[in-house]
Amino acid sequence: HITGGFIHYNERIVDAVKRVGKRETGADVEIEKPLGVYEYIHDDPRGHIVGHAFIVEVVGGKIAANPDNSELQFFKGPPEDMIPYQKKIVVDALKS
């Protein structure tokens, strides 16, 4: 899965991006630009999800696996076994 999470009550989106980036990858990130808004009505067992995706730059920290993920991988294209609704985000990011 790609890095992602929910925005906390009273949390700004930019702060959520930094918090989730740090928690899931160990990296300190800054938003370069918005990528898009993605809506998943029937694709996620948690319900109707509206996701905001961003292109980010790593500005610090140390990228490493942690309890939220057992491994991290870099890739040039979406892996075959990628979660289908997340694949669109990766395809769009590679086009940007």
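Residue numbers run consecutively from 1 along every chain, following the written order of its sequence. Thresholds applied to this predicted model are a pLDDT of at least 70 for local features of residues and 80 or more for the giving and counting of side-chain atom pairs; totals over whole chains, interfaces and linings are not thresholded and use all residues. Note: side-chain values were computed over all heavy atoms of the structure, leaving out hydrogens and water.

The next subject is helix α2 (residues 84-95). With 12 residues, α2 should reach 16 Å at 1.5 Å per residue; the first-to-last C-alpha distance of 17 Å fits that figure. Burial classes: relative accessible area under 20% of the type maximum marks a residue as buried, over 50% as exposed, and values in between as partly exposed (1.4 Å probe, protein chains only). Comment: elements are numbered from the N terminus, with helices defined as DSSP H or I runs of at least four residues and strands as E runs of at least two. Where α2 is concerned, the buried positions are Y85, Q86, I89, V90 and D92. Looking straight down α2, one finds that the buried residues subtend no more than 160 degrees of arc, so they occupy a single side. When the buried face of α2 is taken as reference, the exposed residues oriented beyond 90 degrees from it are P84 and K95. Multiplying 1.5 Å by the residue count of a helix minus one yields the expected span of that helix. Arc definition: directions from the helix axis to the C-beta atoms.

This next bit is on the nonpolar core. Within this scheme, the nonpolar core is defined by two criteria: the residues are buried Ala, Val, Leu, Ile, Met, Phe, Trp, Tyr or Cys, and they are joined through side-chain atoms within 4.5 Å. Residues Y38, Y40, I49, A53, Y85 and I89 constitute the largest nonpolar core, which totals 6 residues. Looking at this core, the elements that each hand over two or more residues are β1 (27-40), β2 (49-61) and α2. Apart from the residues within four sequence positions on either side, Y38 is in contact with I49, V50, G51, A53, K88, I89 and D92. We call two residues in contact when some of their heavy atoms are within 4.5 Å.

Function cannot be inferred from these measures alone, as they are strictly geometric.
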